[in-house]
Amino acid sequence: MAKNEKKPVGKAAAPKKQEEQLPLGKINFIMIAVSVLLIVIGFVLMWGSPNVGDTFNDDIFSTSRTLVGPMLSLAGFVLVVPSIIWRPKKKVVIRVSKEEVEV
């Protein structure tokens, strides 16, 4: 027959907490912020007054509204993906006698 083993209760039973790390690093958040800023700037450049009634607004065909704004927004959307995937290289430290050499 199996013995009834009692597990300790209280602080001793709780597993040790490991340091919680975010899945993304500081550089990832900076890159994401830059990407979002590019998207916002692109949309602001595309913003403007539309054609109203009988008046024709030539500004709707300006370069900043038809080319620069959409390209900045597209660049922001494209840069979000690598900014999420990016992983910094880990430093390797080799000890040679009493000196440390970084590779």
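Before any of the text, the structure's been laid out above.
Residues numbered from 1 in each chain as written. Predicted model: local features only at pLDDT ≥ 70, side-chain atom pairs only at ≥ 80, totals over all residues. Heavy atoms only, no water.

Taken as a whole and judged by the stated rule, the model has 1 aromatic pair. Here F56 and F61 contribute two aromatic rings whose centre-to-centre distance is 6.1 Å and whose plane-to-plane angle is 35 degrees, an arrangement assigned as tilted. Both residues of the pair, F56 and F61, belong to the exposed class. (Phe/Tyr/Trp six-rings, centres within 6.5 Å; stacked < 30°, edge-to-face > 60°. Buried < 20%, exposed > 50% of the residue type's maximum accessible area, 1.4 Å probe, protein only.)

Bringing a nonpolar patch on the surface into the picture now. A grouping of L67, V68, M71, L74 and V78 is seen on the molecular surface, where their side chains present a nonpolar patch of about 450 Å² in accessible area. Residue placement: M71 occurs in helix α2 (residues 63-85). (Patch = residues over 30% accessible without salt bridge, like charges linked within 9 Å, V, L, I, M, F, W, Y side chains within 5 Å. Areas by Shrake-Rupley, 256 points an atom, 1.4 Å probe, with all protein chains shown as cover. Salt bridge = Lys/Arg side-chain N within 4 Å of Asp/Glu carboxyl O. Helix = DSSP H or I, 4+ residues; strand = E, 2+ residues; numbered from the N terminus.)

This next bit is on the environment of P50. Structurally, P50 is set in the loop between α1 (26-46) and α2. Judged by relative accessible area, P50 falls into the exposed class, the value being 52%. In this structure, the C-alpha to C-alpha distance between P50 and I60, residues 10 residues apart in sequence, is 6.9 Å.

Moving on, we come to the packing of α1 against α2. Look at α1 against α2: their axes get within 7 Å of each other, and the N-to-C directions meet at 165 degrees. With respect to each other, α1 and α2 are oriented roughly antiparallel. Read as a crossing pair, α1 and α2 show a hand that is left-handed. Its residues placed into classes, the contact of α1 with α2 shows 16 nonpolar, 8 polar and 1 charged. (Axes fitted to C-alpha atoms, helices over the stretch in contact; angles between N-to-C directions. Parallel < 35°, antiparallel > 145°, perpendicular 65-115°, else oblique. Left-handed = near helix turned anticlockwise from the far one by under 90°. Nonpolar A, V, L, I, M, F, W, Y, C, P; charged D, E, K, R; others polar.)

Turning next to α2. Given a rise of 1.5 Å per residue, 23 residues ought to cover 33 Å, and the 33 Å separating the end C-alpha atoms of α2 matches this to within 8%. The largest bend along α2 measures about 25 degrees and falls at G69, with the proline P70 one to four residues further on. Listing the buried residues of α2 in full gives R65, G69, S73, G76 and S83. The elements touched by buried residues of α2 are α1. (Expected span 1.5 Å × (residues − 1). Bend = angle between axes of the 7 residues up to and from the residue. Contact = heavy atoms within 4.5 Å.)

Geometry only, nothing functional implied.
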